[in-house]
Amino acid sequence: MGKQRLRDVEWLAKGHSAREWQHWDMIQGPTLASSWGSATYWVALGHPSLSLHFLASKWAPEGCRACGWLPDSLLSPAHKWLYREIGDSHLLRYLSWTVYPVALVSFSSGFSQSITPFSGGSGIPELKTILSGVVLEDYLDIKNFGAKVVGLTCTLATGSTIFLGKVGPFVHLSVMIAAYLGRMRTKAIGESENKSKQNEMLVAAAAVGVATVFAAPFSGVLFSIEVMSSHFSVWDYWRGFFAATCGAFMFRLLAVFNSEQETITSLYKTSFRVDVPFDLPEIFFFVALGAICGILSCAYLFCQRTFLSFVKTNRVLSKLLATSKPLYSALAALVLASITYPPGVGRFMASRLSMREHLDSLFDNNSWALMTRNSSPPWPSEPDPQNLWFEWYHPRFTIFGTLTFFLVMKFWMIILATTIPMPSGYFMPIFIFGAAIGRLIGEALSVAFPEGIVAGGVTNPIMPGGYALAGAAAFSGAVTHTISTALLAFELTGQIVHALPVLMAVLAANAIAQSFQPSFYDGTIIVKKLPYLPWIRCRKISSLCDLGGVLGLSVLLVISRSPQQEDRYRPFVRSSHHVIVEHFMNRTITTLAKDTPQEEVVKVVTATDTAEYPLVESTESQILVGTVQRAQLVQALQAEPSSWVPGHQCLQDILAGGCPVEPVTLKLSPETSLHQAHNLFELLKLQSLFVTSHGRAVGFVSWVELKKAISNLTNPPAPK
């Protein structure tokens, strides 16, 4: 080999080996945890919540209890004390109300972004991308942990002024801990890296993050499955529950150790009627509430995604976010804090209540409209813990006016808050928003039926708090495309008397939302342009997946038949599969034949940067026999034996010299349907597959081709 070619190969080894990535990994079956080290890992995975909540309990505000229900803090009372003791000057009170959250939000955004740009936002969309098989560099790095914790603490310290939570960041933190524990376990045991086991750890960690925030292990596991995974292995079910139970138990144990609770109880102690919680005719109103939440969730998801796209594409705002994120965060926080100023517009939004107090008041059993029909309670100088509903009343606006104004204002304020580049969660705001929707419907029904609905000769008063619970579960479930929010509502309150109406409301809301809009997390993935495989939503496609199933996978995908059989089956396949691999596969494929001369191999390696090359039997036959990794091929070319005669070696000699060949265990046929290929990519978390016809390599399919095919299917191009 010439010196120039040798220098090219050496340069490739130095410059390109760091960019090596795997198209897909061999999926290995799960193995039982037979050692104490494995069992200890799953226990330890549930216990990081203890340290996280302990840290947050020292600095997070009382208002964040709605997002994790932490002990009394130092920052939020300081804000309230400053606002209360500053004096009667409206200017000073306004400054004390606004400057505090503006400073915290600016510091949260600036500090977290200075450490790593991956610490901002919720973190769940990126985690979904990772679990789908894509490697996001530095996202799970341990240095991101500190930036996330500090930034999230400042975010939560703003309380209900900014109206953000911590579900997503806690999931991100738990996943980072799981990734770190996984690396420690791999080094300690001496095992090789296993992608399948890594995904098991990450899914369990996501369940821990949700379960510790709400002290709800059942809904935490189900919520993480619904949000994170398109396919879930039942083998991981007990592991997720085990880790989530450990985390939720340790979190609730903190309340007992801090003398806040005598024993482990639910976070919200509601007192709904147990004997007759609702009358049978009310089922219709609960379903109608679910439909309303579904329609409003579609409007919210569309507006949120549109505004987020506008912020990223607008010349002024995009430049501001690129050059000075703290300044954008400060401006957004100033707008939100100014609107929630209590003597101003905030008087009509119950802005003095924390996020926990919002839910406490909205879940109240009594009807505020009936209680204020003949009386006008005064507005107290400070919120009364025994009568939090006073904050929702205004003599001119009435209960209906304040609830409607709260919904209208919070609709766009939550959307604006989601664009702030700082660690924050977005589940709790929409949960409270849904509770306000349900409360408004419940109050209207209590006025329409002041004595209650007569059923079976018995009259029972309507409980607006039950409608608030159903609205919270329905709206949050519709926005996130999950059903487990119904179970979450039961675990939060400790009562299951509204199980049937709440579940029906959640199902009705999801039926509408999933038919018209992607979920909040999928919409964020679309706007951020993260590599993610979209769903096939076109119902016109029929598939034979049910016929083949898992047992017939090889028959459906790798089928060899004579040309006469192919012509006979082609009409049947095309009528059942409107889109097949042959229509959208990439036919530009660079193959290496065993009889390729060494100089040609060097030219191919130098001219391309593909991570792996398909290996064919010969240049003439093009029969696919395996793959060769580019990095290993470069190393084999560098280690050229001195016995080789220049110009007389071929690829077969290089392979015989120690360059390993990996077999192709899975491949597609040109007749494979889009639906089947899509299911394979999602189930096995693949990045690309080769396409063979009668054993010959004719192309390949990656995420790019699949996404383009799905896009053309859902939005077909106009005919020329």
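This structure is a prediction, so every number in the text was calculated from the model and none was measured.

Draft legend 1. Broad picture of the pairing of strand β6 (residues 688–693). Buried residues dominate β6, accounting for five of its six residues. When β6 meets strand β7 (residues 696–702), the two strands line up antiparallel, connected through six bridges. Paired with Ser-688 across the strands is Ser-702, a residue of β7. Taking the residues that link successive antiparallel strands as the turn, the β6-β7 hairpin has two residues, and the phi of His-694 there is positive, at about 55°.

Draft legend 2. Quick peek at the sheet that holds strand β5 (residues 624–629). Taken in spatial order, the three strands line up as β3-β4-β5 in an open sheet, and their pairing is mixed. Every interior strand has two partners, whereas the edge strands, β3 (592–593) and β5, have only one. Bridge analysis of β3 against strand β4 (residues 612–616) gives two bridges, and the strand direction is parallel. Of the residues in β4, the one forming a bridge with Ala-593 is Val-616. Of the strands in this sheet, β3, β4 and β5 are in contact with helix α28 (residues 630–638), which crosses β5 at around 75°.

Draft legend 3. Examining the nonpolar core more closely. Phe-214, Tyr-300, Leu-362 and Trp-392 are the most contacted members of the largest nonpolar core, which has 113 residues in total. It is helix α18 (residues 427–448) that contributes the most residues to this core, 11 residues altogether. Leave out the neighbours within four places in its chain, and Trp-392 touches Ala-350, Leu-353, His-358, Ser-361, Leu-362, Trp-368, Thr-398, Ile-399, Thr-402, Leu-403 and Phe-406. Counting residues in each nonpolar core, the second largest holds 21 residues, with Leu-533, Leu-666, Ala-677 and Leu-713 among its members.

Draft legend 4. Seen up close, a nonpolar patch on the surface. A cluster of nonpolar side chains, contributed by Leu-91, Leu-92, Leu-95 and Val-99, occupies part of the molecular surface with about 350 Å² of accessible area. Relative to the helices and strands, Leu-95 resides in helix α5 (residues 90–115). Owing to a relative accessible area of 37%, Leu-95 belongs among the partly exposed residues under this scheme.

Draft legend 5. Seen up close, helix α9 (residues 195–214). Helix length check: α9, at 20 residues, gives a terminal C-alpha distance of 29 Å against a target of 28 Å (1.5 Å per residue), a fit within 8%. Looking one or two residues past α9, Ala-215 carries a phi angle of roughly 55°, positive in sign.

Draft legend 6. Looking closely at the pattern of salt bridges. With the rule as written, the count across this model stands at seven salt bridges. Between Asp-522 and Lys-128 there is a salt bridge, and its shortest N-O distance comes to 2.6 Å. Here Lys-128 lies in helix α6 (residues 124–131) and Asp-522 lies in helix α22 (residues 520–528), a separation of 394 residues in the sequence. Between Glu-391 and Arg-352 there is a salt bridge, with the nearest N and O atoms lying 2.7 Å from each other.

Draft legend 7. Looking closely at helix α17 (residues 398–417). With 20 residues, α17 extends 28 Å from end C-alpha to end C-alpha; this agrees with the ideal 28 Å at 1.5 Å per step. Listing the buried residues of α17 in full gives Ile-399, Thr-402, Leu-403, Phe-406, Leu-407, Met-409, Lys-410, Met-413, Ile-414, Ile-415, Leu-416 and Ala-417. Next to the buried residues of α17 lie α12 (282–313), α14 (325–339), α15 (355–362), α16 (368–371) and α18.

Draft legend 8. Local environment of the side chain of Ser-424. Mapping Ser-424 onto the fold places it in the loop between α17 and α18. Of the polar contacts made by the side chain of Ser-424, one reaches the side chain of Tyr-426; its length is 3.3 Å. Not counting residues up to four positions away in its chain, the partners in contact with Ser-424 are Gly-121, Ser-122, Leu-152, Thr-155, Leu-164, Gly-165 and Pro-169.

Reading the values: the criteria
Residues numbered from 1 in each chain as written. Predicted model: local features only at pLDDT ≥ 70, side-chain atom pairs only at ≥ 80, totals over all residues. Heavy atoms only, no water. Buried < 20%, exposed > 50% of the residue type's maximum accessible area, 1.4 Å probe, protein only. Helix = DSSP H or I, 4+ residues; strand = E, 2+ residues; numbered from the N terminus. Pairing = 2+ DSSP bridges. Contact = heavy atoms within 4.5 Å. Axes fitted to C-alpha atoms, helices over the stretch in contact; angles between N-to-C directions. Core = buried A, V, L, I, M, F, W, Y, C linked by side-chain atoms within 4.5 Å. Patch = residues over 30% accessible without salt bridge, like charges linked within 9 Å, V, L, I, M, F, W, Y side chains within 5 Å. Areas by Shrake-Rupley, 256 points an atom, 1.4 Å probe, with all protein chains shown as cover. Salt bridge = Lys/Arg side-chain N within 4 Å of Asp/Glu carboxyl O. Expected span 1.5 Å × (residues − 1). Polar contact = N/O pair within 3.5 Å; in protein donor to acceptor, adjacent residues only side chain to side chain.

Geometry only, nothing functional implied.
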